[in-house]
Amino acid sequence: MQEKVVTALLTALNGAKQKGQLRTPVWPTVSLDAPKRPEWGDLASTVAMSLAASEQKAPHDIAQIIVDNLSERDQLFDRVEIVRPGFLNLTVKPTLWQEVIRDIARQGRSYGRTDIGKGRRVLVEYVSANPTGPLHVGHGRGAAVGQAVLRLLNAIGYDAVGEYYINDAGRQMKLLGASVYARYQELSGRTATFPEDGYHGSYITAVAQQIKAQLDSVAEKLNPADLEARCRSLAYEMLLGFIREDLRSFGIEIQSWFSEASLLESKAIEQALDELKARELLFHQEGAWWFRASLYGDEKDRVVKKQDGEYTYLASDIAYHHDKLRRGYDLLVNVFGADHHGYVPRMQAVMQAYGHPKERLHVVLVQLVKLLRDGVEVKMSKRTGDFITMREVIDEVGSDAAKFYFLMRDSKTHLEFDLELAKQHSNDNPVYYVQYAHARICSLWRVASERGITRPTASETDLTVLTDPDELGLIKKLAAYPEVLEASALAFEPHRVTYYLQQLAALLHTFYNKHRILPPAGESDIDESAADGLTPGRTAARLVLMGAVQQVIHNGLDVLGLSAPEQMSFTTSHE
RNA sequence: GCGCCCGUAGCUCAGUCGGAUAGAGCAUCAGCCUUCUAAGCUGAGGGUCGCUGGUUCGAUUCCAGCCGGGCGCACCA
């Protein structure tokens, strides 16, 4: 719809240029928004005002020229108005809005999807939590955001794949092994020195207990170093297994798992660094090897190989991203915790060092989640390992509710997450508000079929009866979905869709409350239904409209990775 | 000290490639269920868009400087 109008405006502009009425060489982007007030029409554009400078004319005059050159004016618009400085207020013919419903019915699940990504390949790296403990709430937000970004990109025609980078090499693995080993010893009645900076969480003891059960029979034959190594690898496998399970039960499916250790084994780190060395982007100083990150806008150069000969974390990451690039992705998206924002320039320097524009890597930052219970902050201490896990949250509030909350706000801002609110099955809970809108429409189908009313098809229904402002308001919101989806995907900001769905659901609930869709079951209410002009034709048209609303809510929830239930369970609703 | 992010209603937050009287939810108050699910709806009150300048016909939006909060500034990951 918006597209049609923009095209019409551009045609008018070009026509005016040919007649010599306008002379701006390149048109600015033709803005077209739903204005704030209904009396300003359905769509408003500010092109005339933005052309004022280059045309050296009054905005109002330019607007007039555009209007005069609108060749399809009568086919498209009921009303075209020029207001004060130079706003162009357009009221689109209802028949065009009604067409939107047919589009939705025809396109179904693909309504809103586009191909502007042109099949370009994208790798979305997300979660990537160290396999040294269970996922916590912050990881949950990262998982929800990463998955939503991935699905959004796919929805606009990219070919996106999700990957989890496993930090299974280096220091934290050693610490994990040492921590588990120490607990193992304690469980065996021996005193052990717990490593400084070790993992203190109680889950370590639980893991040690399980490992002890497995190893007790052979433990005697192992020297301490071997035993610790066994502890390390068994603990790693167990913890990564928990992570996989947690993600699965959260409804997150990671297509690809990439091991950091594999980079060491395959010599990929050496190769990646050699390539940089060959381009003189590495230098040796004070016994260490440095990457010239400052050449590409980072604030300083960075060590990749330490004096002791060990690679830094950055070296692995260089090799990892080198590998991603070699796999032929056109765009790399990394979902990072916001505390890693300082790392971004470094990684973008790496992109450039390998000859790619820094925009080829886009980093989505995800801020911390502040957990509340009834408005009181739930304190978490990383040091003692005493934190609320993602598992506990989804067990308590459910996957859909958790995801919706994680996706409600711009990911780069702090999020307050009230557990009590999130699990409430009430009107205070936006998740159910949206899902309920979907379920309500599904319920309509059930009641309709009980009363012998068959569901009308969009193509065979006369939709011109849909002229009520509430009906048109609903359609206009539906018409905006493709734009919202596209903008949301291009900005890597899923919360725009979440917000849109709440608005759409609100319109639906209002409509549902105000207008009847099905004729009443009895005959007593004939007058009431007549007052709202409820004829069989109107019922059919409204049912088609409801089908379109249902479809869009479904599509929106789906792109966010949420379910669209056909009915709500009322088990805990009334107290 | 330097860098990044945030500062919008009592609370939590949308909106910001510059536009017309700044929005939603919660909370508060007043209403709506013999009718398609009240997990819903209607109405009311509530704001110097952190402050000060600048650019502009026009700034909550862009720029600069301040103030307040968070995070980051390792041969840790």
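Structure: above.
Attention in this report is confined to the structure presented alongside it.

With respect to the packing of helix α9 (residues 224-249) against helix α14 (residues 390-397)
To describe two helices that pack against each other, one gives the angle between their axes and the distance between the axes. Packing of α9 against α14 leaves a shortest axis separation of 10 Å and a crossing angle of 25 degrees. Of the possible angle classes, the one that applies to α9 and α14 is roughly parallel. Between α9 and α14 lies a crossing of left-handed hand. Residues Glu-245, Asp-246, Leu-247 and Ser-249 of α9 touch α14, and the partners they reach there are Met-390, Arg-391 and Ile-394. Residues of the contact of α9 with α14, tallied by class, amount to three nonpolar, one polar and three charged.

Regarding the nonpolar core
The nonpolar side chains of a soluble globular protein tend to be buried with one another. Core analysis: the biggest nonpolar cluster contains 149 residues, and Ile-211, Leu-247, Phe-417 and Met-546 have the highest contact counts within it. Sort the elements by how many residues they give to this core and helix α21 (residues 536-559) lands first, with 11 residues. Within the second largest apolar cluster, 33 residues are counted, among which are Leu-276, Leu-281, Ala-293 and Ala-349.

With respect to the side chain of Asp-42
Checked against the element boundaries, Asp-42 lands in the loop between α1 (2-18) and β1 (43-45). Residue Asp-42 is classed as buried on the basis of its relative accessible area of 9%. Within the local environment of Asp-42, its side chain forms a polar contact with the backbone nitrogen of Val-92, the two atoms lying 2.8 Å apart.

Some details on the pattern of salt bridges
Counted under the stated rule, the structure contains 29 salt bridges. Notably, a salt bridge pairs Arg-106 with Asp-103, separated by 2.6 Å at the nearest N-O pair. Of this pair, Arg-106 and Asp-103 both sit in helix α5 (residues 94-107), three residues apart, which is roughly one turn of that helix. In this structure Arg-106 comes out as exposed when scored by relative accessible area, which is 60%. By relative accessible area, which is 24% here, Asp-103 ends up partly exposed.

Focus: the packing of aromatic side chains
Scanning all chains against the criterion turns up 12 aromatic pairs. Here Phe-250 and Phe-406 contribute two aromatic rings whose centre-to-centre distance is 6.3 Å and whose plane-to-plane angle is 85 degrees, an arrangement assigned as edge-to-face. Here the residue Phe-250 occupies a position in the loop between α9 and β6 (256-259), and Phe-406 occupies one in helix α15 (residues 399-406), the gap between them amounting to 156 residues. Judged by relative accessible area, Phe-250 falls into the buried class, the value being 1%. What makes Phe-406 buried here is its relative accessible area of 1%. Judged by centre distance (4.8 Å) and plane angle (35 degrees), the ring pair of Phe-258 and Tyr-320 falls under tilted. Residue Phe-258 is found in strand β6, and its partner Tyr-320 is found in helix α12 (residues 313-326); the two are separated by 62 residues along the sequence. Judged on exposure class, the residue Phe-258 and its partner Tyr-320 are both buried. Taken together, the aromatic side chains of Phe-250, Tyr-405, Phe-406 and Phe-417 make up a single cluster linked through ring pairs.

Thoughts on the sheet that holds strand β13 (residues 376-377)
Spatial ordering of the open sheet is given by β13-β12-β14, a layout of three strands whose pairing is mixed. With one partner strand each, in any of the chains shown, β13 and β14 (415-418) form the two edges of the open sheet. Of the strand pairs in this sheet, strand β12 (residues 369-373) and β14 are connected by four bridges, and their pairing is parallel. Bridge pairing links Lys-370 to Glu-416 in β14. Helix-sheet contacts for α15 involve β12 and β14, and the interaxial angle to β14 is about 155 degrees.

Here we look at the sheet that holds β6
The parallel open sheet is built from five strands, whose spatial order is β6-β5-β4-β10-β11. For this open sheet the edge positions go to β6 and β11 (361-366), each flanked by a neighbour on one side alone. Strand-to-strand, the axes of this sheet are offset by a mean angle of 25 degrees, without reference to chain direction. Taken together, the four bridges between strand β4 (residues 121-125) and strand β10 (residues 331-337) define a ladder with parallel strand orientation. Paired with Val-124 across the bridge in β10 is Val-333. α9 contacts β5 (159-166) and β6 of the sheet and is inclined by roughly 150 degrees relative to β5.

Reading the values: rules and limits
- Throughout, residues of each chain are indexed from 1 in the direction in which the sequence is written.
- In the order they appear in the text, chains get letters beginning with A and ligands get numbers beginning with 1.
- This being a predicted model, a pLDDT of at least 70 is required before a residue's local features are given, and a value of 80 or more before pairs of side-chain atoms are given or counted; all residues contribute to the totals for chains, interfaces and linings.
- The side-chain quantities take in all heavy atoms of the structure and omit both hydrogens and water.
- The axes used here are C-alpha line fits, helices contributing only the stretch in contact, and every angle between their N-to-C directions lies in the interval 0 to 180 degrees.
- In this description a helix means any DSSP run of H or I spanning at least four residues, a strand means any run of E spanning at least two, and both kinds are numbered starting from the N terminus.
- To sort the angles, those under 35 degrees are grouped as roughly parallel, those over 145 as roughly antiparallel, those from 65 to 115 as roughly perpendicular, and the leftovers as oblique.
- Should the near helix be turned anticlockwise from the far one by less than a right angle, the crossing is left-handed, and should it be turned clockwise, the crossing is right-handed.
- We call two residues in contact when some of their heavy atoms are within 4.5 Å.
- The residue classification treats Ala, Val, Leu, Ile, Met, Phe, Trp, Tyr, Cys and Pro as nonpolar and Asp, Glu, Lys and Arg as charged. All others, Gly included, are polar.
- Definition of nonpolar core: a set of buried residues of the types Ala, Val, Leu, Ile, Met, Phe, Trp, Tyr and Cys, connected through side-chain atoms within 4.5 Å.
- Only protein chains enter the accessibility calculation, which uses a 1.4 Å probe. A residue is then buried if its area is under 20% of the maximum for its type, exposed if over 50%, and partly exposed in between.
- N or O atoms within 3.5 Å of each other form a polar contact, as long as, within protein, one can give a hydrogen and the other can take it, and as long as residues adjacent in sequence are counted only when both atoms are side-chain atoms.
- Definition used for salt bridges: Asp or Glu carboxyl oxygen within 4 Å of a side-chain nitrogen of Lys or Arg.
- For Phe, Tyr and Trp, where Trp contributes only its six-membered ring, two rings pair if their centres lie within 6.5 Å, and the inter-plane angle classes them as stacked under 30 degrees, edge-to-face over 60, or tilted in between.
- Paired strands, in this sense, are two strands between which DSSP finds at least two bridges.

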